[in-house]
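# Fold and contact review
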Amino acid sequence: VAVALHQLAMLAQATGDLPEARRLYDQSLQLARELGDKQGIAHTLHQLATLAQDTGDLPEARRLYDQSLQLKRELGDKQGIAITLAQLALLEEQEGNLAAALSLIRQAEQLFTELGNPMREQARKVRERMEGKGSSASSVSTDTQRING
């Protein structure tokens, strides 16, 4: 049931029904916690973070990404770690912290490469775009970029 709620929440988020997405993610998270499903908790925290990021609540997004990342590290979920590092890189970029963003996207790209994951190409493109901004970057475009997994 928690997985179904999570999938419905992703659909609601993708179609722009953010209040419904939040409600469904919260239900999914509650069930995953009751079941002790750390993988489910980590994935739902990540999605709640993207929702917070999409709505401009960057401190909450960071808090949730950090919680997700901690769980993924405990689980040894390298692909999940890479995805969350990439999303944190986009958050850092959004906040104007280009050096931190580059460090994170490089870590994500390295993990994707080690895993042979094709998402390494998307991470490479994001890194190259960030590198092209140089230190004179003043803002991030409003493109809805996301490293998906």
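One numbering rule holds for all chains: residues counted from 1, following each sequence as written. Per-residue local features of the predicted model are confined to residues with pLDDT of at least 70, and side-chain atom pairs are confined, for both listing and counting, to 80 or more; whole-chain, interface and lining totals are unaffected and use all residues. Processing note: side-chain calculations cover all non-hydrogen atoms of the structure and skip hydrogens and water entirely.

### Comments concerning the overall build of the protein chain
Quick note on the threshold: Runs of H or I in DSSP of at least four residues are treated as helices and runs of E of at least two as strands, each being numbered from the N terminus. Any two residues whose heavy atoms approach within 4.5 Å are treated as being in contact. The accessible surface values rely on the Shrake-Rupley method and a 1.4 Å probe; as for residues, cover is taken only from the protein chains in view.
Assigned secondary structure in the protein chain consists of 7 helices and 0 strands. Scanning the protein chain from its N terminus toward the C terminus, one meets helices and strands in the order α-α-α-α-α-α-α. In the protein chain, 55% of the contacts between residues at least 6 apart in sequence involve partners at least 24 apart. Accessible area for the protein chain stands at about 7800 Å²; split by element, carbon and sulfur atoms hold 51% of it.

### Notes on helix 7 (residues 119-133)
What counts is decided by this rule: Multiplying one less than the number of residues by 1.5 Å gives the expected span of a helix.
Taking 1.5 Å per residue as the helical rise, helix 7 with its 15 residues ought to reach 21 Å, and the 22 Å between its terminal C-alpha atoms agrees with that figure. Of the surrounding elements, those touching the buried residues of helix 7 are helix 5 (78-94) and helix 6 (98-115). Positive backbone phi, approximately 60 degrees, marks G134, located one or two places after helix 7.

### Things to note about the nonpolar core
We count it as follows: Residues grouped as a nonpolar core are buried Ala, Val, Leu, Ile, Met, Phe, Trp, Tyr and Cys residues, joined through side-chain atoms within 4.5 Å. Only protein chains enter the accessibility calculation, which uses a 1.4 Å probe; a residue is then buried when its area is under 20% of its type maximum, exposed when over 50%, and partly exposed in between.
Counting residues in hydrophobic clusters, the biggest one holds 42 residues, and the most contacted among them are L85, I105, F112 and M130. Taken together, the elements giving at least two residues each to this core come down to helix 1 (2-14), helix 2 (18-35), helix 3 (38-54), helix 4 (58-75), helix 5, helix 6 and helix 7. Ranked by the residues each element gives to this core, the list is headed by helix 5, at 9 residues. Beyond its immediate stretch of four places on either side in the chain, L85 contacts L69, R73, L104, Q107, A108 and L111.

### Considerations on the packing of helix 3 against helix 5
For clarity, the cut-off: Angular values range over 0 to 180 degrees, each being the angle between N-to-C directions of two axes fitted as lines to C-alpha atoms, with helices fitted over their stretch in contact. Just so you know how the angles are binned, under 35 degrees is roughly parallel, over 145 roughly antiparallel, 65 to 115 roughly perpendicular, and the rest oblique. Less than a right angle of anticlockwise turn of the near helix away from the far helix marks a crossing as left-handed, whereas a clockwise turn marks it as right-handed. Residues are grouped as follows: Ala, Val, Leu, Ile, Met, Phe, Trp, Tyr, Cys and Pro are nonpolar; Asp, Glu, Lys and Arg are charged; every other residue, Gly included, is polar.
Following both chains from N to C, one finds helix 3 and helix 5 inclined at 15 degrees, their axes separated by 11 Å at the closest point. Classified by the angle between their axes, helix 3 and helix 5 sit roughly parallel to one another. By crossing handedness, the relation of helix 3 to helix 5 is classed as left-handed. On helix 5, the residues that touch H46, T50 and Q53 of helix 3 are I83, T84, Q87, L90, L91 and Q94. Of the residues in the contact of helix 3 with helix 5, the class split is 3 nonpolar, 6 polar and no charged.

### Topic: the confidence of the model for the protein chain
Note the threshold: Values of pLDDT, ranging from 0 to 100, describe the predictor's confidence in every residue of the model.
Mean pLDDT over the protein chain: 90, with 90% of residues reaching 70 or higher. Within the protein chain, the element-level pLDDT minimum falls on helix 1, averaging 90, and the maximum on helix 4, averaging 98. Note on residues 135-144: pLDDT under 50 across the span, and 6 contacts to partners over four residues away in sequence or across chains.

### Quick word on the packing of helix 1 against helix 3
Here helix 1 crosses helix 3 at 15 degrees, and the two axes come no closer than 11 Å. Between helix 1 and helix 3, the interaxial angle falls into the category roughly parallel. Regarding helix 1 and helix 3, the two cross each other, and that crossing is left-handed. Contacts from H6, M10 and Q13 in helix 1 reach H43, T44, Q47, T50, L51 and D54 in helix 3.

### Here we look at the environment of N117
Stated formally: Any N or O atom pair separated by 3.5 Å or less is treated as a polar contact, with the protein-specific requirement of one donor-capable and one acceptor-capable atom, and with residues adjacent in sequence counted only for side-chain atom pairs.
Positionally, N117 belongs in the loop between helix 6 and helix 7. For N117, a relative accessible area of 8% puts it in the buried group. Residues N117 and Q79, spaced 38 residues apart in sequence, show a C-alpha to C-alpha distance of 8.1 Å. The contact partners of N117, leaving out residues within four places of it in the chain, are Q79 and F112. One polar contact links N117 to Q79, side chain to side chain, over a distance of 2.9 Å.

### As for the side chain of H46
Structurally, the position occupied by H46 is in helix 3. Overall, the relative accessible area of 4% leaves H46 in the buried class. In terms of polar contacts, H46 uses its side chain to reach the side chain of T84, at 2.9 Å. Among all residues touching H46, those that are not within four sequence positions of it are Y65, S68, K72, I83, T84 and Q87.

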